[in-house]
Amino acid sequence: SRTIIGDSFCGQPISCISMGYGPKKVLIWTQMHGDESTATAAVLDIMHLVTAKLSSSLNANWHSLLTIHIIPMLNPDGAAAGTRENAQGIDINRDALALQTPEGKALNAVVEKIHPDFAFNLHDQKDYFRCGADGKSSTLAFLAPAFDAQKTINPARRSAMALTALMRLHANALLPAGIARYDDEFSARSFGDQITGRGISTILIESGHYPNDQYRQVARTMNVFVLLHALNMLCEESYWTTDEKLKELEITYWQISENQENKLCDLLIKDLG
């Protein structure tokens, strides 16, 4: 089903697509920054795959286990203008407290209404991120956001860390050297941090550069791959939600290489003069 959850500042409708009728609720949103479109294509791919006849992308009983809500484009005005901000010039992802933007209000209302068990916040990052200090380009970066300045790990954040670790392990076969862990510096104004604080397991995914892939089709494909795996893991929670397994996966999460900003460049000139 398709629901209009609000309108952008310029009056464009913002849609939410819902699939399934299961008790576990999942919310996925993308393109809250108008110039970050990689994951929008990926969630459209996912909708196509999971609704296709004879599709085996998900657990055969996913529709009775999960209800999946997808907001494919939260910032249509920014997308039309090719800008990070909305038409007010506001970064929607820094509007979680003030709620000055109609787009931020719409997202907040959906979160309050459905109170998802898991939330996926999808973005693009610049080309110049590296996996660790001397690794390769960061094509995907994951984060289980902190919800306070002390970076406390509550049950919701621990579950997000565990699922992130499973996503990374699954993706490692296809992208062994291109996955990083995003900085978890607390930002009170950011939606991911605030939503985690409400007891909702939240995962940020940043799509980044892959060599000779200007249009980020590798990152798009990897988003589809890891999100479908995450949805399958949510259908099979008994496998990974025991106390012992959660502790093991939390350790695995921290072992993911840090996402290092500005460690790559297009052109490096050394030893001038």
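Relevant structure appears above.
Below is a short write-up of the structure. Just so it is clear, the model here is predicted, and its values are computed rather than measured.

So, on to the pattern of salt bridges. Where side chains of opposite charge bring their charged atoms close, a pairing between them can arise. The full count for this structure, using the stated rule, is 12 salt bridges. The partner of K24 in a salt bridge is E237, with the nearest N and O atoms 3.0 Å apart. With K24 in strand β3 (residues 24-30) and E237 in the loop between α7 (217-235) and α8 (243-254), this pair connects stretches of sequence that are 213 residues apart. On the accessibility criterion, K24 (17% relative accessible area) is buried.

Quick look at unusual backbone geometry now. Residue L99 is not a glycine yet carries a positive backbone phi of 50°. Here L99 lies in the loop between α3 (76-81) and α4 (102-114). A positive phi angle, near 60°, is found at R216, a position not held by glycine. Under the relative-accessibility criterion, R216 is labelled buried at 11%.

It is at 8 Å that the axes of helix α5 (residues 155-171) and α8 come closest, and there the two elements cross at 65°. With respect to α8, the axis of α5 lies roughly perpendicular. Note on packing geometry: the crossing formed by α5 with α8 is left-handed. Listed contacts from α8 to R157, R158, S159, M161, A162, T164, A165, L166 and L169 of α5 are L246, L249, E250, T252, Y253 and W254. When its residues are assigned to classes, the contact of α5 with α8 shows nine nonpolar, three polar and three charged.

Here we take up the nonpolar core. Counting 50 residues, the largest nonpolar core has I68, F120, L163, M167, I205 and W240 as its most contacted members. The element best represented in this core is α7, accounting for 10 residues. Those residues within four positions of L163 in sequence are excluded, and the remaining contacts are F118, F120, I203, A230, M233, L234 and W240. C16, I92, F191 and I195 belong to the second-largest nonpolar core, a separate cluster that totals 17 residues.

So, on to the pairing of strand β9 (residues 201-207). Along β9, seven of the seven residues are buried, which leaves the element largely enclosed by surrounding structure. Here β9 shows no split at all, with S201, I203, I205 and S207 on one side and T202, L204 and E206 on the other all buried. With seven bridges connecting them, strand β5 (residues 118-124) and β9 associate as parallel partners. Bridge pairing in β9 links L122 to I205. Judged from the four bridges that link them, strand β7 (residues 140-143) and β9 form a sheet pairing that is antiparallel.

Right, let's talk about the environment of P116 for a bit. Following the sequence through the fold, P116 ends up in the loop between α4 and β5. When its relative accessible area of 1% is taken as the criterion, P116 is described as buried. In sequence terms P116 and I28 are 88 residues apart; their C-alpha atoms lie 9.7 Å from each other. With residues up to four places along the chain from it excluded, the contact list for P116 reads K25, V26, L27, V111 and I200.

What counts, and at which threshold
Residues numbered from 1 in each chain as written. Predicted model: local features only at pLDDT ≥ 70, side-chain atom pairs only at ≥ 80, totals over all residues. Heavy atoms only, no water. Salt bridge = Lys/Arg side-chain N within 4 Å of Asp/Glu carboxyl O. Helix = DSSP H or I, 4+ residues; strand = E, 2+ residues; numbered from the N terminus. Buried < 20%, exposed > 50% of the residue type's maximum accessible area, 1.4 Å probe, protein only. Axes fitted to C-alpha atoms, helices over the stretch in contact; angles between N-to-C directions. Parallel < 35°, antiparallel > 145°, perpendicular 65-115°, else oblique. Left-handed = near helix turned anticlockwise from the far one by under 90°. Contact = heavy atoms within 4.5 Å. Nonpolar A, V, L, I, M, F, W, Y, C, P; charged D, E, K, R; others polar. Core = buried A, V, L, I, M, F, W, Y, C linked by side-chain atoms within 4.5 Å. Pairing = 2+ DSSP bridges.

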